[in-house]
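Now for the letters of each chain:
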Amino acid sequence: MIDRRAAFRALHHTGRPLLLPNAWDHASAAALAARGHPAIGTTSLGVASAAGRPDGVAATGAETLALTRRLARLPVLLTVDVEAGFTDDPGAVAGYVAELAGLGAVGINLEDGRANGTLADPECTADKIAAVKAAVPGLFVNARTDTWWLGVADPLPQTLARARAYRAAGADGIFVPGAVDLATLRVLTERIDAPLNALYQPGGPGLDELSRAGVARVSTGSLLFRAALAAAVATADAVRAAGFTAPRGLPSYAEVQGLVSADGD
């Protein structure tokens, strides 16, 4: 396990951003692993929506745990989105994350945004990070601050202050979704002493541009789930209109079956 955690940490220091695709179920994770991605994350929106629950309101702790148990069997490094830890009790967060680590997760994503559109007190998030690192020292804790995502006024100073607090608590990486301006990203990478994670946004900078800005990790977030959902609806509409043509690369029944291990769930 220590070697897997070290391997995941090393992926943030290759000189090119780690593209981290975010899966929401076994099939999506297995397909991404089969395409050669060395690491994958989960997307809390995808996990929640697939379970018929809302995202970001601490409603999917059990589903996230069950999914981690399934995905840990795959030949890929796994980091898990745990929203804000599913509770504000640092000890409970640490216990939950230790269980994920015991199943094989090598990292987590822990955010400071709240469901009501506000930011949690930075000390609250820092306490959770410190508790997690005390319980599982080698786990990669990616601390997400939603300063840009939630559109706070003058986000840069608050982002840097929160990044300092989270790093002091033991965070291994800092995630700032919503920041896509390359000049801003350069400032963040220069002033945050940890690998910076950016969220890929269609129409925004590509991997080469993000690499030149110093970004260490690029997540797809809920994009893949939403794209798959849109494709499913478009396919149903096309079938209803008798105009569907199978796209190139559409997996066959046998290929999807092949993504499932023989021992099942």
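A brief structural summary. (Residues numbered from 1 in each chain as written. Predicted model: local features only at pLDDT ≥ 70, side-chain atom pairs only at ≥ 80, totals over all residues. Heavy atoms only, no water.)

## Examining the overall build of the protein
Logical step 1: Scanning the protein for helices and strands turns up 11 helices and nine strands.
Logical step 2: Relative to its length of 265 residues, the protein is compact, with a C-alpha radius of gyration of 18 Å against a globular reference of 18 Å.
Logical step 3: A principal-axis box enclosing the C-alpha atoms of the protein has dimensions of 55 × 40 × 35 Å.
Logical step 4: When the 265 residues of the protein are sorted by exposure, 45% land in the buried category.
Logical step 5: Considering only contacts within the protein whose residues lie at least 6 apart along the sequence, 67% involve residues at least 24 apart.
Logical step 6: As displayed, the protein has an accessible area near 12,200 Å², and 56% of this comes from carbon and sulfur atoms. (Helix = DSSP H or I, 4+ residues; strand = E, 2+ residues; numbered from the N terminus. Rg over C-alpha atoms; globule rule 2.2 N^0.38 Å. Buried < 20%, exposed > 50% of the residue type's maximum accessible area, 1.4 Å probe, protein only. Contact = heavy atoms within 4.5 Å. Areas by Shrake-Rupley, 256 points an atom, 1.4 Å probe, with all protein chains shown as cover.)

## Quick notes on unusual backbone geometry
Logical step 1: Although it is not a glycine, E83 adopts a positive phi angle of roughly 50°.
Logical step 2: As for its placement among the helices and strands, E83 is situated in the loop between strand 4 (77–81) and helix 5 (90–103).
Logical step 3: For E83, a relative accessible area of 3% translates into the label buried.
Logical step 4: Residue D154 is not a glycine yet carries a positive backbone phi of 50°.
Logical step 5: The topology assignment puts D154 in the loop between strand 6 (140–144) and helix 7 (155–169).
Logical step 6: Relative accessible area serves as the criterion here: at 59%, D154 is assigned to the exposed category.

## Points about the layout of surface pockets
Logical step 1: For the largest pocket, the calculated volume is near 810 Å³.
Logical step 2: Along the walls of the largest pocket sit 23 residues, with W24, A31, A228, L250 and P251 positioned nearest its centre.
Logical step 3: Partitioned by chemical class, the residues of the lining of the largest pocket number 17 nonpolar, three polar and three charged.
Logical step 4: For the second largest pocket, the calculated volume is near 570 Å³. (1 Å grid on protein atoms, 1.4 Å probe; cavity = no way out; pocket = protein on both sides within 12 Å on 5 of 7 lines; lining within 4 Å. Points joined across faces, edges and corners; volume = space filled by probe spheres on them. Nonpolar A, V, L, I, M, F, W, Y, C, P; charged D, E, K, R; others polar.)

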